[in-house]
Amino acid sequence: MALVDFPRVQLTHTPTPLEPLPNLTQQLGGPRLFVKRDDCTGLAMGGNKARQLEYYLGQAMAENADTVLITGAVQSNFLRMTAAAAAKLGLRCEIQLEDRVPNMGADYHSSGNVLLHQILGCTVHSFAEGENEKAADAALETMAYRIRADGGRPYVIHLSQEHPPIGALGYVDAAREILEQTAQTGTKIDLIVIPSGSALTHVGTLVGLRLLGSALPVLGICVRRDQKQQTERVLRRANETAELLGKSGIIKPDDVWVSDRVLAPGYGQVNEQTTEAILLAARSEGLLLDPVYSGKTLAGLISLTRDDIIQPHWNVLFVHTGGTPALFGYQSLLAPNSL
Ligand SMILES: *Cc1c(COP(=O)(O)O)cnc(C)c1O
């Protein structure tokens, strides 16, 4: 099936800007940096999930669903944007918060995206077990069963790999957007740097580029799993995405490039390099990143630049996937003297 044949709803403000980062480029003294502003997709403060949701909720609407279910971390941007999209489309929304990040403060559990979930008015469940993707999805299935028994029509957005990578389709389209923008402005990009979590953003971008005949390398910065696990996941999900689009075989193992050098101590946990990257982007470009995804991704980019793995003569496009509201959930870690 071609991309245009998948059901889709309109949720985003696109194309998002693609801009140079002259001050950050100068400060780092390495490659010329550009940013794809996918923090500006719209939909209740924006981010990459708006593009993914256009396809998930397209399918939900095509199936005549009345309730959407999703699971994620407590400060998940996906849950926030799903609640917003559901409100906009007139669907009920139930979200499940997974307690995946240890030792977090009151701000993490009440501010940032958690506050926005409440304002957006969805039903909130908690999943205390934390890190267990399949069990979290199974809990959603139990909720869906209950909703069906009550005569409702649930649509589940799964996070585990056992389900089709529908969300990646949003980034297949974003890849086209990036190629059009760089062609229009005559900007030659040598590398795209992007966060790699569930991997659908990474995979969609990669598949979109290859579908359009571009060999541009995509480097995924691990935000949740180590390099080995993420490499397997990206390859598997990329092949599945290509297959969904009837283009099996366009992704080669060599297309998959991930780095986990700034992942420690783990998902959603801040390290020194990430704090440095957040402050640097804010103070040189007025660009607000987040501690879980975009800040870690810039930290990875900086680290690989310092070691000359990302070459100084390259033009590098950093994809800002949003997440900014999570800053408020990390106040006690980012500005410990402010409380
Ligand atoms: C979810 C998320 C990501 C990771 O995207 P995946 O498609 O899950 O890999 C990156 N940045 C932000 C801000 C996110 O919310």
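Values in this document were obtained by computation on a predicted structure and should not be read as measured data.

About the thresholds
- For every chain, the first residue of the written sequence is number 1, and numbering continues from 1 along that sequence.
- Given that this is a predicted model, residues contribute local features only at a pLDDT of at least 70 and side-chain atom pairs are listed and counted only at 80 or more, while totals for whole chains, interfaces and linings are drawn from all residues.
- To obtain the side-chain values, all non-hydrogen atoms of the structure were included, while hydrogens and water were left out.
- Here the term buried applies to any residue with accessible area under 20% of the maximum for its type, exposed to any over 50%, and partly exposed to those in between, with areas from a 1.4 Å probe on protein chains only.
- Counting from the N terminus, the helices are DSSP H or I runs at least four residues long and the strands are E runs at least two residues long.
- Criterion used throughout: strands pair if DSSP finds at least two bridges between them.
- Any residue with at least one heavy atom within 4 Å of a molecule or strand is counted as near it.
- Two N or O atoms count as a polar contact when they lie within 3.5 Å, although within protein this holds only if one can serve as hydrogen donor and the other as acceptor, and sequence-adjacent residues are included solely when both atoms are side-chain atoms.
- Per-residue accessibility takes into account occlusion by the displayed protein chains alone, with areas from the Shrake-Rupley method and a 1.4 Å probe.
- Note: domain ranges come from an automatic or database domain assignment.
- Centres within 6.5 Å are what make two rings of Phe, Tyr or Trp a pair, Trp counting through its six-membered ring; a difference in plane orientation under 30 degrees is then read as stacked, over 60 as edge-to-face, and the rest as tilted.
- Here an angle of 0 to 180 degrees is reported between the N-to-C directions of two axes, which are lines fitted to C-alpha atoms, with helices fitted over the stretch in contact.
- By definition in these notes, contact holds between two residues if any of their heavy atoms fall within 4.5 Å.
- Put simply, buried Ala, Val, Leu, Ile, Met, Phe, Trp, Tyr and Cys residues joined by side-chain atoms within 4.5 Å make one nonpolar core.

A. Fine view of the pairing of strand β7 (residues 191–196). Counting buried residues in β7 gives 6 out of 6 residues, a clear majority hidden from the surface. Burial along β7 is two-sided: Leu191, Val193 and Pro195 and Ile192, Ile194 and Ser196, pointing in opposite directions, are all buried. Taken together, the 3 bridges between β7 and strand β10 (residues 315–320) define a ladder with parallel strand orientation. Within β10, the residue paired with Ile192 across the bridge is Leu317.

B. Representation of the site of the ligand within the structure. Within the structure, the ligand sits among 15 residues, and Lys49, Gly197, Ser198, Thr201 and Thr321 are positioned closest to it. The separation between an oxygen atom of the ligand and a polar side-chain atom of Lys49 is 2.9 Å. Contact between the ligand and Thr321: a nitrogen atom at 2.6 Å from a side-chain N or O atom of the residue. In isolation the ligand offers 380 Å² of accessible surface; the protein chains occlude 96% of this area. The set of elements that each furnish at least two residues to the shell around the ligand consists of α2 (49–62), β7 and α8 (200–211). Among the domains, domain 1 (3–47 + 165–338) and domain 2 (49–157) are the pair contributing at least three residues each to the shell around the ligand.

C. The packing of aromatic side chains, seen in detail. Counted according to the given criterion, the structure contains 3 aromatic pairs. Ring centres 6.2 Å apart and planes at 50 degrees place the aromatic pair Tyr56 and Phe78 in the tilted group. Of this pair, Tyr56 sits in helix α2 while Phe78 sits in helix α3 (residues 77–89); the two residues are 22 residues apart in sequence, bridging distant segments of the chain. With a relative accessible area of 5%, Tyr56 lands in the buried category. Phe78 sits in the buried class, given a relative accessible area of 7%. Summarising the aromatic geometry, the rings of Tyr108 and Tyr330 are spaced 5.6 Å apart at their centres and angled 90 degrees between planes, so their arrangement reads as edge-to-face. Taken together, the residues span a long stretch of sequence, with Tyr108 in helix α4 (residues 106–110) and Tyr330 in the loop between β10 and α12 (331–334) at a distance of 222 residues. Here Tyr108 and Tyr330 have matching classes, each one buried.

D. View of the sheet that holds β7. Strand order in the open sheet formed by 6 strands is β1-β2-β10-β7-β8-β9, and the pairing between neighbours is mixed. On the outer flanks of this sheet lie β1 (18–20) and β9 (257–259), each paired with one strand and no other. Going from strand to strand, the sheet's axes swing by 30 degrees on average, the running direction of each strand aside. Along the sheet, α8 makes contact with β7, β8 (218–222) and β9, crossing β7 at roughly 150 degrees.

E. Focus on the nonpolar core. Counting 68 residues, the largest nonpolar core has Leu43, Leu53, Leu57, Val68, Ile157 and Ile192 as its most contacted members. Ranked by residues supplied to this core, first place goes to α3 with 7 residues. Residue-level mapping places this core at the junction of two domains, with at least three residues from each of domain 1 (3–47 + 165–338) and domain 2 (49–157). Once residues lying within four places of it in the same chain are set aside, the contact partners of Leu57 are Val9, Val68, Ala85, Ala86, Leu89, Leu91 and Ile157. The next biggest cluster of nonpolar side chains, apart from the first, holds 24 residues, and it includes Ile221, Val262, Leu280 and Ala281.

F. Looking closely at unusual backbone geometry. Cis geometry marks the peptide bond from Thr14 to Pro15; its omega dihedral reads 0 degrees. Residue position: Pro15 is located in the segment before β1. A positive phi angle, near 60 degrees, is found at Asn64, a position not held by glycine. Its location among the elements puts Asn64 in the loop between α2 and β3 (67–73).

G. Main features of the pairing of strand β2 (residues 32–37). β2 sits mainly inside the fold: 5 of its 6 residues count as buried. Sheet topology places β1 next to β2; 3 bridges connect them, and they run antiparallel. In the sheet register, Leu18 faces β2, and the bridge partner there is Lys36. Where β2 lies against β10, 6 bridges are found, and the strand directions are parallel. Bridged to Val35 within β10 is Phe318.

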